[in-house]
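Report on the structure
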Amino acid sequence: MRTYIIEKTLDYKDFILVLDFGSQYSQIITRKIREIGVYALLCPYSLSIRNILSKKPKGIILSGGPFSVYEKNPPLISRNIFQLNIPILGICYGMQLISFLFGGEIEQSKYKEYGKSNFIIDCYNNDLFHGIPKKSIVWMSHFDEVKKLPKTLKVIGHTSSCSIAALIHEKKDIYAVQFHPEVSHTEFGISIMKNFILHICKCNLNWKLNHFVLDSIVKKIRKRVDSKKVILGFSGGIDSFVAAHIIHKAIGDSLHCIFVDTGLLLKKEKISFLCKKMNLFVKIIDAKKRFLSILTGITDPEMKRKIIGKEFISIFQKESEKIKDVEFLAQGTIYSDVIESSTSSSLIKSHHNVGGLPHLMKLKLLEPLKYLFKDEVRKIGKKLGIPKEILYRHPFPGPGLSIRILGEVNQKKISILKKAESILLQELKDYDLYESVSQAFIILLPIKSVGVMGDKRTYEYTAVLRVTNTEDFMTATFSHLPYNFLEKISNRIINEVDGINRLVYDITSKPPATIEWE
Ligand code: XMP
């Protein structure tokens, strides 16, 4: 289950509403529209027609989803959506839904079509395919397909295994494609989306992260916080850094940043130095001993996350009691954190920075970046003059090294991992690879193997190198690193870090794996 920001929040005249039917790509549709330069919001498919109208979208996209229109209680929308005179584009399940609601027939395909397909345009008498070549590669991911269309809908494209792969309404601005234009594997996907957004919906390119957006965020914070105080859990990562900076711009010294040194961080962060440079005061709490002691004997990944989350709450609680008039807890939550936070039925990992905290602490949440995607936060950060070393820093998880030490965490393992990670970081920079990969780190496994060094037998830990490339951290591929780099990393770690005698490279994508191992 996703959570959504329903209110339009930023007042943009030209705006596209994406109705979410649960596809893994729904968030990507929204991000791509913003990348094109038009404001977009992802909302649940169940939004009422009145609510849709009140937002005044210039176009509506019906996303894909894992459902079949013929299953029991499929997610549906009211047919009245077609009477709004707002252009509509259906994608995958969205296309099947449009066909179904107009009286078409949908069936399970003989062959599941998953991956790249050759798409052929049958009809150019529409704006959707303006400038798109007759034949191109598209990304498919479906089990059902439209088999028969009512008179009002017309086929405009097919693939070898899907005879109705794109359609258009004869009279209304309603379009649909069975493939995913938002996925980068679809050769002309962005052009098709641009045709819909700019030509059919006639949106202007006015979603720019300029001073107007920045000022409106700052004003909103100032108005909401008024004369109260805010504490902010500062991690030193880009999201909390940008959040802190914007809030500081709005309310100055009423902001109290707290950085908890859990002892599970990478080498001494240059936090104080960077904050001083940005005129931010950050209180550093030394909680190394506390964290080590609460983790003793804990091996289960979810237990580690929960224990750490609880400890953060208790530290923030104590700190907030020391300051008069604290009413808000600020966090660097971004739009994808909001959308991806799930209920326990589909919980994969507990991220302690989403939800939970204020409820238990009776504080109100202040999350100024929750409307923005990561790349947008970077743009705002750049406008604020935040140093490049922060803006392009790889993400680091809240539970820190504890979830990169599989099994029990102890001081010895933390020291081993810190040493290995610092070698990795140094080499990535020396090989000029740091900015071309999205995240790189080492995992320490709780297994030992036999090796030989200087004619002597060794029996030490195995470590894993995990390096991935990703646009949004929801899907990722392992990075294709040069062999000479891999060789250098392996040599240096085995030679210089006592306790590791074997390094392996993780070549699993996400999905099916996740980026972190716990
Ligand atoms: P996974 O392992 O879920 O990670 O593929 C996706 C991204 O999220 C980071 N991550 C976290 N960040 N608190 C955070 O702030 C957490 O508990 C947490 N767990 C994972 C991970 O490093 C990757 O960038």
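1. Section: the overall build of the chain
What the chain contains, in helices and strands, is 15 helices and 18 strands. Computed over C-alpha atoms, the radius of gyration of the chain comes to 25 Å, within 12% of the 24 Å expected from 2.2 N^0.38 for 518 residues, which places it in the range of a compact globule. Reported as C-alpha extents along the three principal axes, the dimensions of the chain are approximately 75 × 65 × 40 Å. A total of 518 residues make up the chain; the buried ones form 54% of that total. Within the chain, residue pairs in contact and separated by at least 24 positions form 75% of the contacts whose partners lie at least 6 positions apart. Carbon and sulfur atoms make up 53% of the accessible area of the chain, which amounts to about 24200 Å² in all.

2. Quick word on the site of the ligand
Residues in contact with the ligand amount to 15 residues; listed here are only the nearest, R305, K349, K510, I515 and E516. Between the ligand and G398, the relevant distance is 3.2 Å, taken from a nitrogen atom to a main-chain nitrogen or oxygen of the residue. E516 is positioned with one of its side-chain polar atoms (N or O) 2.5 Å from an oxygen atom of the ligand. In the complex, 87% of the free accessible area of the ligand, which totals 490 Å², lies under the protein chains. Broken down by class, the residue content of the shell around the ligand amounts to five nonpolar, six polar and four charged.

3. Points about the sheet that holds strand β11 (residues 255-261)
Strand order across the open sheet formed by five strands is β12-β11-β10-β13-β14, with parallel pairing between neighbours. Every other strand in the sheet has two partners, leaving β12 (282-286) and β14 (364-366) as the edge strands with one partner each. Here the strands of the sheet are splayed against their neighbours by 30 degrees on average, with no regard to which way each runs. As paired strands, strand β10 (residues 229-233) and strand β13 (residues 326-330) are joined by four bridges and run parallel to one another. Looking at β13, one finds that V230 is bridged to F328. The sheet strands contacting helix α9 (residues 301-322) are β10, β11, β12 and β13, and the helix crosses β11 at an angle near 145 degrees.

4. A short note on unusual backbone geometry
Even without glycine at this site, N73 takes up a positive phi of about 50 degrees. Looking at where N73 falls in the secondary structure, it is placed in the loop between β3 (59-62) and β4 (88-91). Positive phi is not limited to glycine here, since K202 has a value of about 60 degrees.

5. A word on the packing of aromatic side chains
Counted according to the given criterion, the structure contains 16 aromatic pairs. With 6.4 Å between their ring centres and 75 degrees between their planes, Y175 and F196 make a pair best called edge-to-face. With a gap of 21 residues between them, Y175 in strand β9 (residues 174-177) and F196 in helix α4 (residues 189-200) connect regions that are remote in the sequence. For F196, a relative accessible area of 0% corresponds to the buried category. An aromatic cluster of three or more residues is present, and its members are F21, Y45, F67 and Y93. For the cation-ring pair, R404 lies above F441, with the distance from its terminal atom to the ring centre recorded as 3.8 Å. For the cation-ring pair, K429 lies above Y434, with the distance from its terminal atom to the ring centre recorded as 4.7 Å.

6. Here's the deal with the sheet that holds strand β7 (residues 153-159)
Across the sheet, which stays open at both edges, the nine strands sit in the order β2-β1-β3-β4-β9-β8-β7-β5-β6 with mixed pairing between neighbours. The strands lining the two open edges of the sheet, one partner per strand, are β2 (39-44) and β6 (135-148). For this sheet the average axis-to-axis angle between neighbouring strands, irrespective of direction, equals 25 degrees. Against the sheet, helix α3 (residues 93-101) engages β3, β4, β5 (105-121), β6, β7, β8 (162-169) and β9, with an angle of about 115 degrees to β4.

7. Structural notes on the packing of helix α6 (residues 238-251) against helix α12 (residues 374-383)
For the pair α6 and α12, interaxial distance at closest approach is 10 Å and the crossing angle is 45 degrees. Taken together, the axis directions place α6 and α12 in an arrangement best described as oblique. In the packing of α6 onto α12, the handedness of the crossing is left-handed. Here I238, D239, V242 and I246 of α6 come into contact with α12, specifically with K374, V377, R378, I380 and G381. In the contact of α6 with α12, the residues fall into five nonpolar, one polar and three charged.

8. Description of the pattern of salt bridges
Summed over all chains, the structure comprises 21 salt bridges. A salt bridge links K364 to E327; its shortest N-O distance comes to 2.6 Å. Highlighted residues: K364 in strand β14 and E327 in strand β13, separated in sequence by 37 residues. Among the ionic pairs, R404 bridges to E516, the shortest N-O distance being 2.9 Å. Of this pair, R404 sits in the loop between α13 (388-391) and α14 (411-430) while E516 is found in the segment after β18 (500-505), placing the two residues 112 residues apart along the sequence. Neither residue differs from the other here; R404 and E516 are each classed as buried. Among the ionic contacts, a cluster of salt bridges with common partners joins E427, K488, R492 and E496.

9. Focus on the packing of α14 against helix α15 (residues 483-496)
Interaxial distance between α14 and α15 falls to 10 Å at its minimum, and their mutual angle equals 150 degrees. The orientation of α14 with respect to α15, classified from their angle, is roughly antiparallel. In the packing of α14 onto α15, the handedness of the crossing is right-handed. For the pair α14 and α15, the contacting residues are K419, A420, I423, L424, Q426, E427 and L428 in the first and F485, K488, I489, R492, I493 and E496 in the second. Residues belonging to the contact of α14 with α15 are distributed by class as follows: seven nonpolar, one polar and five charged.

10. Some thoughts on the domain arrangement of the chain
For the chain, the assigned domains are domain 1 (15-200), domain 2 (209-391) and domain 3 (404-505). Relative to domain 3, the C-alpha centre of domain 1 lies at a distance of 43 Å.

11. A short note on the state of the cysteines
For the coordinates displayed, the defined rule picks out zero disulfides. Looking at the unpaired C201, the closest cysteine sulfur is the one in C203, lying at 5.3 Å.

Thresholds applied
Residues numbered from 1 in each chain as written. Predicted model: local features only at pLDDT ≥ 70, side-chain atom pairs only at ≥ 80, totals over all residues. Heavy atoms only, no water. Helix = DSSP H or I, 4+ residues; strand = E, 2+ residues; numbered from the N terminus. Rg over C-alpha atoms; globule rule 2.2 N^0.38 Å. Buried < 20%, exposed > 50% of the residue type's maximum accessible area, 1.4 Å probe, protein only. Contact = heavy atoms within 4.5 Å. Areas by Shrake-Rupley, 256 points an atom, 1.4 Å probe, with all protein chains shown as cover. Near = heavy atom within 4 Å. Polar contact = N/O pair within 3.5 Å; in protein donor to acceptor, adjacent residues only side chain to side chain. Nonpolar A, V, L, I, M, F, W, Y, C, P; charged D, E, K, R; others polar. Pairing = 2+ DSSP bridges. Axes fitted to C-alpha atoms, helices over the stretch in contact; angles between N-to-C directions. Phe/Tyr/Trp six-rings, centres within 6.5 Å; stacked < 30°, edge-to-face > 60°. Lys NZ or Arg CZ within 6 Å of the ring centre and 35° of its normal. Parallel < 35°, antiparallel > 145°, perpendicular 65-115°, else oblique. Left-handed = near helix turned anticlockwise from the far one by under 90°. Salt bridge = Lys/Arg side-chain N within 4 Å of Asp/Glu carboxyl O. Domains from an automatic or database assignment. Disulfide = S-S within 2.5 Å.

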